[in-house]
Amino acid sequence: NNLPPEEGLRAWLVVLGSFCMHWVALGSIYTVGLFVPFYEEEFGKPRQELIVFGTLQTSLLFAFGIFSGKLADVHGVRKVYGFGCIFYVVGTFLASFAKEFWHVVLTQGVLTGIGLGFMYWPGVTVVPMWFSKRRGLATALAVLGSGVGQFANGLIIQHLLDTRGTSH
């Protein structure tokens, strides 16, 4: 029997991890519009062209669900999630060095979108595996991270953009 133990400390740590993943993944997706005015000023492009990086990020999050679910079944949630984290962090880091808008599209759009796709789906599906009695509560607490992330990321990103900008 290789099923995880139910509802112990480790199970609640999985909930915490999923909460953090929701914070990052959906917090990133829903606050992408905060970057648009800054990119508009920095790259001199109209908003309808600039939002392509956010569209790519969101599309890739959902598109890579096709692959990440199956890969998590074969290789385990931890490996797939870790792979996604690496893509997300590298994409976010490299976006800070963008000199042209296509750099933003490639880093903050494509790399972070792929990373989010490999993080999000395993992070969503892992919580119910650890619970039978309190599955609804555990899932609700994990998903609460998306609302907290949207609120907190909005404040944090706006503050950083106002005080630091997008240039280095």
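Structure: see above.
These numbers were taken from a predicted model, which means no experiment stands behind them. All residue numbers refer to positions counted from 1 along the written sequence of the respective chain. Per-residue local features of the predicted model are confined to residues with pLDDT of at least 70, and side-chain atom pairs are confined, for both listing and counting, to 80 or more; whole-chain, interface and lining totals are unaffected and use all residues. Side-chain measures were taken over the full set of non-hydrogen atoms in the model, leaving aside hydrogen atoms and water.

K.L.:
Mind laying out the environment of Met-129, listing which residues take part and the relevant values?
P.N.:
Each helix corresponds to a stretch of at least 4 residues labelled H or I by DSSP, and each strand to a stretch of at least 2 residues labelled E; elements are numbered beginning at the N terminus. Along the chain, Met-129 falls in helix α7 (residues 101–129). Taking the C-alpha atoms as reference points, Met-129 and Ala-63, separated by 66 residues in sequence, lie 23 Å from one another.

K.L.:
Account for the nonpolar core, naming residues and giving values.
P.N.:
Each nonpolar core is a collection of buried residues, namely Ala, Val, Leu, Ile, Met, Phe, Trp, Tyr and Cys, held together in the definition by side-chain atoms within 4.5 Å. Residue exposure (1.4 Å probe, protein chains only): buried if accessible area is under 20% of the type maximum, exposed if over 50%, otherwise partly exposed. Formed by 13 residues in total, the largest nonpolar core has its most connected members in Phe-35, Tyr-39, Phe-43, Leu-50, Phe-53, Phe-101 and Val-104. Where this core is concerned, the elements lending two or more residues are α2 (36–43), α7 and α8 (135–163). Residues are treated as being in contact if the distance between any of their heavy atoms lies within 4.5 Å. Residues within four places of Phe-101 in sequence aside, it is in contact with Phe-43, Lys-45, Glu-49, Leu-50, Val-52 and Phe-53.

K.L.:
How would you explain the pattern of salt bridges if you had to name every residue and give the values?
P.N.:
Throughout this description, the term salt bridge denotes a Lys or Arg side-chain nitrogen within 4 Å of a carboxyl oxygen of Asp or Glu. Applying the stated criterion to the full structure yields two salt bridges. Residue Glu-40 is joined to Arg-47 by a salt bridge in which the shortest nitrogen-to-oxygen separation is 3.0 Å. Glu-40 sits in the partly exposed class, given a relative accessible area of 27%. A relative accessible area of 44% means that Arg-47 is categorised as partly exposed. Across the pair Lys-45 and Glu-49 runs a salt bridge whose closest N-O atoms are separated by 3.9 Å. Judged by relative accessible area, which is 30%, Lys-45 ranks as partly exposed. The exposure class assigned to Glu-49 is partly exposed, which follows from its relative accessible area of 41%.

K.L.:
Got a sec to walk through the side chain of Asn-153? Specific residues and values, please.
P.N.:
Topologically, Asn-153 is positioned in helix α8. Look at Asn-153 and you get buried, because its relative accessible area is 11%. If near-sequence neighbours (up to four positions away) are discounted, Asn-153 is found in contact with Trp-23, Val-24, Gly-27, Ser-28, Thr-31, Val-148 and Gln-158.

K.L.:
Go over the packing of helix α1 (residues 9–30) against α8, please, and point to the residues and values.
P.N.:
Axis lines are fitted through C-alpha atoms, for helices just across the contact stretch, and the angle between N-to-C directions can take any value from 0 to 180 degrees. As a packed pair, α1 and α8 sit with axes 7 Å apart at the nearest point and diverge in direction by 35°. With respect to the hand of their crossing, α1 and α8 are arranged in right-handed fashion. For the contact of α1 with α8, the residue count by class is 15 nonpolar, nine polar and no charged. In this scheme the handedness of a crossing depends on how the near helix is turned from the far one: anticlockwise by less than a right angle means left-handed, clockwise means right-handed. Residue polarity follows a fixed list, in which Ala, Val, Leu, Ile, Met, Phe, Trp, Tyr, Cys and Pro are nonpolar, Asp, Glu, Lys and Arg are charged, and the others, Gly among them, are polar.

K.L.:
How would you explain the packing of helix α5 (residues 65–75) against α7 if you had to name every residue and give the values?
P.N.:
Orientation of α5 relative to α7, taken along the N-to-C sense of each, is 55°, at an axis distance of 8 Å. Of the possible angle classes, the one that applies to α5 and α7 is oblique. Here α5 runs over α7; the crossing is right-handed. Contact residues: Gly-65, Phe-67, Ser-68, Leu-71 and Ala-72 in α5; Gly-117, Phe-118, Trp-121 and Pro-122 in α7. Its residues assigned to classes, the contact of α5 with α7 comprises six nonpolar, three polar and no charged. Angles are sorted into four bins: roughly parallel if under 35 degrees, roughly antiparallel if over 145, roughly perpendicular if 65 to 115, and oblique for all others.

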